[in-house]
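# Observations on chain architecture
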Amino acid sequence: MFSFSVPLGKLVRAASRLRGGGSAFPGLVVEKIDPRFMQRTLSSLPFGVAVVSGTNGKTTTTKMVVELLESQGLKVFTNRTGSNFTRGVAAALLGAVDWRGQLDADVAVLELDEAHAVHFVNMVQPRYSLLLNVLRDQLDRFGEIDKTAQLLERIAVKTTGTVVLNREDPRVLRIASSLKPQADGGPSVLYFGLDTSLRSTFPNDDDMRSSGSDTSAASSPTAVDGSDLPPADVVLRRVGTQDADFEFDGELVSTRMKLRGVYNIFNAAAALALARAIVTASGRQPSMADGDRLVKALSEVAPAFGRGESLVVDGQPLDLVLVKNPSGFRLGLKSFPAEGYATMIAINDNYADGRDMSWLWDVDFESLRQDGVDLVSGVRAYDMALRLQYDDVPVGGVETDIPAALAAFISGAEGKPKRVFCTYTAMLAIRRELSKITAVEVVS
Amino acid sequence: MSAEESRMEYVSNHASKGTIRVLQLYPRDMNIYGDWGNALVLQQRIRWHGYTPELLEYNVDDEFPDDVDIILGGGGQDSGQLIIQDDLQARGPMLRDMAEDGTPMLVICGLYQLFGRFFKTSSGTIIPGIGILDVETHGSSERLIGNVTLDSPEFGEVLGYENHSGQTTLGPSVRPLGMVSKGAGNNSKDGHEGARYRNVVASYLHGSLLPKNPAIADFLIRTAAERKYGTFLPGHPDDGFAMLAREHAARRPR
Ligand SMILES: [Zn+2]
């Protein structure tokens, strides 16, 4: 069927690209002229739509799912540019369809922001959903963590095929009980999980600060013992410096990993669970050989933009670690130990970062006390410096201007590997500066 | 023994001007948006003033510790407020006696509301408070959210971040903590923020409140020391970062 809106939308898209305009504008145009465009196009996909949502790790996880499915020969449509809202999906679709509005793909894997995902699933029912976590993020937008959990629940309820849940996050785990049983037409439920030995490295927000410097997950009974947790389809058993062990189908598989950080690697278990569900349903039974190919693909996934990226500056590695909420920051500090590294922290409070700085007080910075922090930067550099002062962490200097701070940091830490913890817009500024002196992946 | 422990031991054996016991109320269920920072700031500043801090916590069904010098309470989600409700009612008379007696207390957001007379939810349910503060709170569908600046007659300019949908109105026996120059404060009409009664400071401000407002932290510590030891001998905390953080925070948009 020919649709007039598609060529028009594509023209707008081409025009706004030329202008250097935003990626969502053409999506807005097609949404206005042909509101059913997205639904019609996506429902034509033979293996349906998978939605990835949750507060942390959506981008990297979505990227992993896509690469895993491609390793199985599936053609995948995804919203790669980080347009994780409905209009962004429509815009990405316009770029991918041909002039007749046909999408040449087997399956769509879409990263969606919690609130937008609810809007999206009301228009397009996903066959799969992968719900990662409910952490203290963007609370200034949704008010409360429990409300975020309700948003994820609504995504799960609309899912027709399989819902994949993080069994380690009590709020995500609880979603299972709100779903119709499969016998009554509800979706099937799969879990991804952690080995008991790794649970203490994954505090949920309820455990964040029960007392003093105790950072264990001790106050949550499920987090400690785990005996009442459901069995998981994929379990992350062990994380080494450059490798990891996953268990699925009753077998333990060891693989090297390009991804860094325990946190990202746990999301690899999530991606594996979703990809396995899609591959199985597509009729390509994951035989032993396919399982190997999945794991090989997993080992080759590189981190998404800014999520534990490693660049080279002056012959030394420079790691960029995106931090945007307390759990993310704590996991970042745990995943990337300070010893031997020069450290910089850049904190902005622009809209995309969140205006509320309270979260810095929910992170424990004791692990930086020994080596100190070389430079603190960003609009809220002094809030960060003050936070470090109260944890007795020495601060080498404070410079709110990010380019100036980065230059001072690089020249002051010559010959040393470097690490920068930064909020989202601080990371954009840092990448812009670094692209002047080293090769930085261009994000389209 | 860690460096920290040996330092504490040294301080308590040789140089301490005395011990100050800080109790966090319900940190397990009422501790959100960095409220922990208030406890950390008191602990460190007590040390910087030359006293020895003891940080205690009280959760539902715990035994209530004796000889508490400062009480701290934070915000929580609706679920947290439900969990603590009965226990707080049972402890109400004792907490009220302590407040009347002059114990310095800081209560933020959720516990500010529950230290008042009641919280009436938008669906009409009444959650009783413990009535230390002559205030009442009504749930609303409007969320008051963003950076706040207020002018306090006692503490000067106070900076923080609010995030609440409860609208609190003050009765005649409390006074506001200050008048807002940016943000909403207690409710969307009156233009004031927080409540003061005896040595109780109540506020909606997270941020955390105390790090960028050391004057309030030092008020709590001074009051505790004077009640316990007759005098307060201040030390010299370095507030350079705090002052710069205040300057930069004051310039940020709502
Ligand atoms: Zn609050």
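Since the structure is predicted, the reported quantities are computational estimates derived from the model, not experimental observations. (Residues numbered from 1 in each chain as written. Chains lettered and ligands numbered in written order. Predicted model: local features only at pLDDT ≥ 70, side-chain atom pairs only at ≥ 80, totals over all residues. Heavy atoms only, no water.)

### As for the overall build of chain A
Within chain A, the secondary structure is distributed over 16 helices and 15 strands. Burial status across chain A gives 60% buried among its 444 residues. Taking all contacts inside chain A whose residues are at least 6 apart in sequence as the whole, residues at least 24 apart take part in 75%. When the accessible surface of chain A is summed, it comes to about 16900 Å², and 52% of that surface belongs to carbon and sulfur atoms. (Helix = DSSP H or I, 4+ residues; strand = E, 2+ residues; numbered from the N terminus. Buried < 20%, exposed > 50% of the residue type's maximum accessible area, 1.4 Å probe, protein only. Contact = heavy atoms within 4.5 Å. Areas by Shrake-Rupley, 256 points an atom, 1.4 Å probe, with all protein chains shown as cover.)

### Some remarks on the packing of helix H15 (residues 402-412) of chain A against helix H16 (residues 424-434) of chain A
Residues and elements named next belong to chain A. Two numbers describe how H15 lies on H16: the axes approach to 10 Å, and their chain directions differ by 60°. In terms of their interaxial angle, H15 and H16 are classed as oblique. Note that H15 runs across H16; the crossing there is right-handed. Along its contact with H15, which presents Ile 402, Pro 403, Leu 406 and Ile 410, the element H16 presents Ala 426, Ala 429, Ile 430, Glu 433 and Leu 434. Here the residues of the contact of H15 with H16 are counted per class, giving 8 nonpolar, no polar and 1 charged. (Axes fitted to C-alpha atoms, helices over the stretch in contact; angles between N-to-C directions. Parallel < 35°, antiparallel > 145°, perpendicular 65-115°, else oblique. Left-handed = near helix turned anticlockwise from the far one by under 90°. Nonpolar A, V, L, I, M, F, W, Y, C, P; charged D, E, K, R; others polar.)

### Quick word on the confidence of the model for chain B
When the pLDDT values of chain B are averaged, the result is 92; 94% of them are 70 or greater. In the predicted assembly, ipTM is 0.93 and pTM is 0.72. (pLDDT = per-residue confidence, 0-100.)

### Concerning the coordination of the zinc ion
Residues and elements named next belong to chain B. Looking at the zinc ion, one finds its protein donor set to be Cys 109 (SG) and His 206 (NE2), positioned 2.1 Å from the metal centre. One end of the pair, Cys 109, is in the loop between strand E4 (105-108) and helix H4 (110-114); the other, His 206, is in the loop between strand E12 (200-203) and helix H5 (209-212), with 97 residues separating them in the sequence. His 206 sits in the buried class, given a relative accessible area of 0%. (Donors = N, O, S within 2.8 Å, 3.2 Å for Na, K, Ca; no water.)

### Remarks on the side chain of Ser 203 of chain B
Mapped onto the fold, Ser 203 of chain B is located in strand E12. Aside from chain neighbours lying at most four places away, what touches Ser 203 of chain B is Val 107, Ile 108, Cys 109, Tyr 112, Leu 177, Glu 193, Gly 194 and Leu 209 of chain B.

### Some thoughts on a negative patch on the surface
Together, Asp 61, Asp 62, Glu 63, Asp 66 and Asp 67 of chain B make up a negatively charged patch on the protein surface. When you line up the elements, Asp 66 of chain B lands in the loop between strand E2 (52-58) and strand E3 (70-73). (Patch = residues over 30% accessible without salt bridge, like charges linked within 9 Å, V, L, I, M, F, W, Y side chains within 5 Å. Salt bridge = Lys/Arg side-chain N within 4 Å of Asp/Glu carboxyl O. Lys, Arg positive; Asp, Glu negative; His and termini not counted. Charge placed at Lys NZ, Arg CZ, Asp CG, Glu CD.)

### Quick notes on the interface of chain A and chain B
Tallying the contact residues gives 36 residues for chain A and 38 residues for chain B. At the boundary of chain A with chain B, total buried surface from both sides reaches about 3300 Å², with 52% on carbon and sulfur atoms. Of all residues in chain A, Trp 361, Tyr 382 and Tyr 390 of chain A bury the most surface against chain B, accounting for 22% of the area lost on that side. In this assembly, chain A and chain B are joined by 2 salt bridges. The partner of Arg 252 of chain B in a salt bridge is Asp 349 of chain A, with the nearest N and O atoms 2.7 Å apart. One can count 10 residue pairs in polar contact (both at pLDDT 80 or more) joining chain A with chain B. When contributions to the side of chain A that touches chain B are tallied by element, the ones reaching two or more residues are helix H7 (139-142), helix H8 (145-158) and helix H14 (381-390) of chain A. Class assignment of the residues belonging to the side of chain A that touches chain B gives a composition of 11 nonpolar, 9 polar and 16 charged. (Buried area = accessible area lost by both parts, 1.4 Å probe. Polar contact = N/O pair within 3.5 Å; in protein donor to acceptor, adjacent residues only side chain to side chain.)

### Side note on the packing of helix H6 (residues 114-123) of chain A against H8 of chain A
All names here are of chain A. One can describe the packing of H6 onto H8 by two numbers: an axis separation of 9 Å at closest approach and a directional angle of 25°. It follows from the interaxial angle that H6 and H8 lie roughly parallel. The two elements H6 and H8 meet at a crossing, and its hand is left-handed. Taking contact as the criterion, the partners of Glu 114, Ala 115, Ala 117, Val 118, Val 121 and Asn 122 in H6 are, on H8, Thr 148, Leu 151, Leu 152, Arg 154, Ile 155 and Lys 158. Residue composition of the contact of H6 with H8, grouped by class: 7 nonpolar, 2 polar and 3 charged.

### Quick notes on the sheet that holds strand E11 (residues 195-197) of chain B
Residue and element names in this part refer to chain B. The strand order E2-E1-E3-E4-E12-E11 describes an open sheet built from 6 strands, whose pairing is mixed. Two strands in the sheet have a free side with no partner beyond their single neighbour: E2 and E11. Within this sheet the neighbouring strands show an average axis-to-axis angle of 15°, counted without direction. As paired elements, E3 and E4 share 3 bridges and run parallel to each other. Bridge assignment links Gly 73 to a residue of E4, and that residue is Val 107. Across the sheet, helix H3 (residues 78-100) touches strand E1 (19-25), E2, E3, E4, E11 and E12, and the angle it forms with E4 is around 140°. In this fold helix H6 (residues 214-229) packs onto E1, E3, E4, E11 and E12, with an angle of close to 125° to the strand it touches most, E1. (Pairing = 2+ DSSP bridges.)

### A look at the packing of aromatic side chains
On inspection of all chains with the given rule, the structure shows 13 aromatic pairs over all chains. Centroid distance Tyr 51 of chain B to Tyr 229 of chain B: 6.3 Å. Interplanar angle 35°. Geometry classified as tilted. On the criterion of sequence distance, the pair formed by Tyr 51 of chain B in the loop between helix H2 (36-48) and E2 and Tyr 229 of chain B in helix H6 is long-range, its members being 178 residues apart. Three or more aromatic residues joined by ring pairs make a cluster, and in this case those are Phe 329, Trp 359, Phe 365 and Phe 421 of chain A. Above the ring of Tyr 341 of chain A, the side-chain terminus of Arg 419 of chain A is found at 3.7 Å from the ring centroid. (Phe/Tyr/Trp six-rings, centres within 6.5 Å; stacked < 30°, edge-to-face > 60°. Lys NZ or Arg CZ within 6 Å of the ring centre and 35° of its normal.)

### Focus on the sheet that holds strand E8 (residues 243-248) of chain A
Within a sheet, neighbouring strands are paired by backbone hydrogen bonds and run either parallel or antiparallel to one another. Residues and elements named next belong to chain A. Ordered by their spatial adjacency, 9 strands build an open sheet running E2-E3-E1-E4-E5-E6-E7-E8-E9, and the pairing between neighbours is mixed. Strand pairing shows two members of the sheet lacking a second neighbour, strand E2 (76-78) and strand E9 (251-256), which therefore form its edges. Mean inter-strand twist for the sheet, computed between neighbouring axes without regard to direction, equals 20°. Where strand E7 (residues 234-239) meets E8, 5 bridges bridge the pair, whose relative direction is antiparallel. Bridge assignment links Val 239 to a residue of E8, and that residue is Ala 244. Its contacts with the sheet put helix H4 (residues 58-71) on strand E1 (49-53), E2, strand E3 (107-111) and strand E4 (128-131), and the angle it makes with E3 is roughly 165°. Against the sheet, helix H11 (residues 262-281) makes contact with E1, E3, E4, strand E5 (162-166), strand E6 (188-194), E7 and E8, and its axis sits at roughly 150° relative to E7, the strand it touches most.

### What to know about the nonpolar core
In terms of nonpolar packing, the biggest core is built from 92 residues, with Phe 329 of chain A together with Leu 25, Leu 111 and Leu 133 of chain B touching the most fellow members. The contacts of Leu 111 of chain B, once residues within four sequence positions are left out, are Leu 25, Tyr 26, Met 30, Gly 73, Gly 74, Ile 84 and Leu 88 of chain B. By size, the runner-up hydrophobic cluster in this structure holds 45 residues, among which are Val 65, Leu 74, Ala 268 and Ala 271 of chain A. (Core = buried A, V, L, I, M, F, W, Y, C linked by side-chain atoms within 4.5 Å.)

### Looking at H14 of chain A
Of all 10 residues in H14 of chain A, 10 are buried; the element is thus mostly enclosed. Within H14 of chain A the residues assigned to the buried category are Ala 381, Tyr 382, Asp 383, Met 384, Ala 385, Leu 386, Arg 387, Leu 388, Gln 389 and Tyr 390 of chain A. Summarising the contacts, the buried residues of H14 of chain A are in contact with strand E12 (342-346), strand E13 (375-377) and strand E14 (398-399) of chain A together with H2, H5 and helix H7 (240-250) of chain B. Following H14 of chain A by one or two positions, Asp 392 of chain A has its phi on the positive side, about 55°.

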